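Spelled out from the first residue to the last, the chains are:
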Amino acid sequence: MMNTMSRRGLGTLGMGLLGAPALQGPAAASTWPDRPVTLVVPFTPGGASDTLARVISQHFPRFTNGQTLVVENRPGAGGLVGGGYVAGQRPDGNVLLMADIGANAIGRELNSRLGYDPMTAFTPVIQLVSLPAVLFAHPSVAERSVPEVIAKAKSRPDSYTYASAGVGNGSHLFMALLCRRAGISMVHVPYRSGSEIVTSVLRGETQLGFPSLSSALQQLKAGSIRAIAMGNPEGSPAMPELPPVSDTLPGFDIAVWYGVAAPAGLAPELTQRINEVFGAILALPEVREGVFRTQAGRVVGGSPAEFGRFLQREYDTWTPVIREGGIRTE
């Protein structure tokens, strides 16, 4: 015989199932948003993701009948604190995440005690931008190209030191992938932000860095540090003369990226509606131009399915790098 607790559990489940279409179905999609929407940025104010979120928030009411997008910073653990918070919210479209590599692709590999699986805890909505990364050096480094850097590192293992914005940060993984693909080793010196990477190399505390181009562009143009190569094959109009790493290591293709994700279980109709709103914002000329002007990046956009496939590719790329390199944040 079914006990009282079982009846209550089934009853609660039944109520949830009966209520789901009203909450998440086509009707909810057609009226979304009917209140202010929160976009959680899992980093501190002032960084690239926060800046992008606030630009988007300025244009959000234009496409949502005046409803606002509230940017909420929940930093910590390389994006995992904010990611964990959003993963635990209801899938009703009212709380979204500024997705990034840590919270949405590799967090579980970096920390086995993470309370959620980035590959199953979210509904991909849209990729927002791709920001190029640049390999650069202190002026005292004699090597001026990727082949020269690789040759020296092979002849003198661990002769280079490089700065990153923290263990497991993209700037760490980018260089770890370079070392893995080239069969070389370097000494990693973690800091806390992209600006600290530039400062470290400027002061000669480390020799190399591989952050977003936007974080280093001012010093690169001033000649205080020297660019060696771009991380993405197509390069960047901001530094059109700079060759990509892929000229030396075919298939090498890395970039900093951000997107929008929702808690797992978001209804397809609602996912599409949210995708269309953010897509319309990304299509604005002032947004596209602003992304390039302030972050040397490009708008991506696309469908939820395309963003989902991109996330899977990111996971497939970085998981072996993390595992073989013994990279952990716990």
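As a reminder, the structure under discussion sits directly above these lines.
Residues numbered from 1 in each chain as written. Predicted model: local features only at pLDDT ≥ 70, side-chain atom pairs only at ≥ 80, totals over all residues. Heavy atoms only, no water.

Peer 1: Any details on the overall build of the protein? Residues and values, ideally.
Peer 2: Broken down by element type, the protein carries 12 helices and 11 strands. Expected size for 330 residues packed as a compact globule is a radius of gyration near 20 Å; at 22 Å, the protein falls within 12% of this value. Along the first, second and third principal axes, the C-alpha atoms of the protein reach 75 × 50 × 30 Å. Every one of the 330 residues in the protein was classed for burial, and the buried ones make up 51%. The long-range fraction of contacts in the protein, counting pairs at least 24 apart against all pairs at least 6 apart in sequence, stands at 76%. Accessible area of the protein: about 14600 Å², with a carbon and sulfur share of 53%. Where the 27 positive side-chain charges of the protein centre and where its 25 negative ones centre are 4 Å apart. (Helix = DSSP H or I, 4+ residues; strand = E, 2+ residues; numbered from the N terminus. Rg over C-alpha atoms; globule rule 2.2 N^0.38 Å. Buried < 20%, exposed > 50% of the residue type's maximum accessible area, 1.4 Å probe, protein only. Contact = heavy atoms within 4.5 Å. Areas by Shrake-Rupley, 256 points an atom, 1.4 Å probe, with all protein chains shown as cover. Lys, Arg positive; Asp, Glu negative; His and termini not counted. Charge placed at Lys NZ, Arg CZ, Asp CG, Glu CD.)

Peer 1: Can you break down the packing of helix 8 (residues 194-203) against helix 9 (residues 213-222) residue by residue, with the values?
Peer 2: The geometry of helix 8 relative to helix 9 is characterised by a closest axis approach of 8 Å and an angle of 30° between their N-to-C directions. Taken as a pair, helix 8 and helix 9 cross one another with a handedness that is right-handed. In contact with G194, V198 and L202 of helix 8, helix 9 contributes S215, A216 and Q219. Here the contact of helix 8 with helix 9 is composed, by residue class, of three nonpolar, three polar and no charged. (Axes fitted to C-alpha atoms, helices over the stretch in contact; angles between N-to-C directions. Left-handed = near helix turned anticlockwise from the far one by under 90°. Nonpolar A, V, L, I, M, F, W, Y, C, P; charged D, E, K, R; others polar.)

Peer 1: Give me the sheet that holds strand 4 (residues 122-132): which residues, what numbers.
Peer 2: Spatial ordering of the open sheet is given by 2-1-3-10-4-11, a layout of six strands whose pairing is mixed. In this open sheet, the two strands that pair with only one neighbour each are strand 2 (69-73) and strand 11 (298-301). In this sheet, adjacent strand axes meet at a mean angle of 25° when their direction is disregarded. Sheet topology note: the strand 4/strand 10 (residues 255-263) ladder contains nine bridges and is antiparallel. (Pairing = 2+ DSSP bridges.)

Peer 1: Outline the pattern of salt bridges, supporting the account with residue identities and numerical values.
Peer 2: Taken as a whole, this structure holds 10 salt bridges when the rule is applied. Measuring nitrogen to oxygen at the nearest pair gives 3.9 Å for the salt bridge that ties R62 to E286. Placement of the pair is R62 in the loop between helix 3 (48-59) and strand 2 and E286 in helix 11 (residues 285-295), with a sequence separation of 224 residues. On the basis of relative accessible area, R62 is assigned to the exposed category, the value being 56%. On the basis of relative accessible area, E286 is assigned to the partly exposed category, the value being 40%. Across the salt bridge formed by R323 and E109, the nearest N and O atoms sit 2.9 Å from each other. Here E109 lies in helix 5 (residues 101-110) and R323 lies in helix 12 (residues 304-325), a separation of 214 residues in the sequence. (Salt bridge = Lys/Arg side-chain N within 4 Å of Asp/Glu carboxyl O.)

Peer 1: So what about unusual backbone geometry? Which residues, and what values?
Peer 2: Each neighbour pair has its own omega, and for W32 with P33 the value is -5°, a cis peptide bond. Relative to the helices and strands, P33 is located in the loop between helix 2 (26-31) and strand 1 (37-41). Phi is positive for N65, which is not a glycine, with a value near 55°. As for its placement among the helices and strands, N65 is situated in the loop between helix 3 and strand 2.

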